[in-house]
Amino acid sequence: GVSGKTLSFVYNAQTKTAATDGSGVAVMTFDAGASSGAYAHSVSFAGDGTYTSSNDGAKIVTVQQRPTTVLAVTQAGVYANDVWTATATLRDTRLANAGVPSKTISFVYKAVTKTANTDGSGVAVITYDAGSSSGTYGYSATFAGDGTYGTSNDLAKTVTVTPRPTNVTAVSATNVYALSVWTATATLRDNLNSNTISGRSIAFVYKATTRSGTTDG
């Protein structure tokens, strides 16, 4: 190798120079850039009084998307008809799992898709109506990828929707005469907000006789 000679490297319109070492090798670093793809780079020797010029302009740098992970949060203890918050974090796995900001995460819950952008810590949040039926439901969070970051998703998170607690308050009946008819009255309320609940069946039991009535509006 020819030592002590200056080589010019060109990549992405940037030119940098480095001198060859005792083995004729020159090295130089470049920022790969934010976009993945295949990019040309070249190296040339301009020549001097001893050596003629030469170059290699046919080399390619393949820039890959940075690998990512999306991690969503399982939600438990969500009451029916309440609003709950879906949360997911997008991380760069090549950078010590640092959060990736300003990227769009797509959430899906009960076939409803919503999107939210990640904050400075890589966290995206969006709200959903839990729905009126209790049970365990899946939800997902997906990053579609872009020129810099690869796609990733978390498809395995769940939301546990529990029935809303209620209370029934009946009314004592006084001054009811024998052989007369009396009216049993009860009010059904939502324990969380104290609102009355309409359209629900209430079972009344009196002297081993069961009758039902429906709550009004």
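Quick caveat: nothing in here was measured; it's all calculated off a predicted structure.

J.: Any details on the side chain of Q75? Residues and values, ideally.
T.: With respect to the helices and strands, the residue Q75 is situated in strand β6 (residues 75-79). What makes Q75 buried here is its relative accessible area of 16%. A distance of 3.1 Å separates a polar side-chain atom of Q75 from the backbone oxygen of T85. Excluding its chain neighbours within four sequence positions, the residues that come into contact with Q75 are W84, T85, Y139, T158, V159 and T160.

J.: Summarise the nonpolar core; cite the residues concerned and give the values.
T.: Core analysis: the biggest nonpolar cluster contains 23 residues, and W84, I105, F107, Y109 and Y139 have the highest contact counts within it. Of all the secondary structure elements, the ones that give two or more residues to this core are β5 (68-72), β7 (83-92), β9 (104-109), β11 (123-129), β12 (135-143) and β13 (152-162). It is β7 that provides the largest number of residues to this core, a total of 4 residues. In terms of nonpolar packing, the next biggest core, distinct from the first, is built from 6 residues, L7, A18, A26 and F45 among them.

J.: Account for the sheet that holds strand β4 (residues 54-63), with residues named and values stated.
T.: Within a beta sheet, neighbouring strands are joined by backbone hydrogen bonds and run either parallel or antiparallel to one another. The 4 strands lie next to each other as β2-β1-β3-β4, forming an open sheet whose pairing is antiparallel. Every other strand in the sheet has two partners, leaving β2 (14-19) and β4 as the edge strands with one partner each. Going from strand to strand, the sheet's axes swing by 25° on average, the running direction of each strand aside. Two elements, strand β1 (residues 6-11) and β2, share 6 bridges in a ladder whose sense is antiparallel. Looking across to β2, one finds that V10 is bridged to T15.

Conventions we followed
- Residues numbered from 1 in each chain as written.
- Predicted model: local features only at pLDDT ≥ 70, side-chain atom pairs only at ≥ 80, totals over all residues.
- Heavy atoms only, no water.
- Helix = DSSP H or I, 4+ residues; strand = E, 2+ residues; numbered from the N terminus.
- Buried < 20%, exposed > 50% of the residue type's maximum accessible area, 1.4 Å probe, protein only.
- Polar contact = N/O pair within 3.5 Å; in protein donor to acceptor, adjacent residues only side chain to side chain.
- Contact = heavy atoms within 4.5 Å.
- Core = buried A, V, L, I, M, F, W, Y, C linked by side-chain atoms within 4.5 Å.
- Pairing = 2+ DSSP bridges.
- Axes fitted to C-alpha atoms, helices over the stretch in contact; angles between N-to-C directions.

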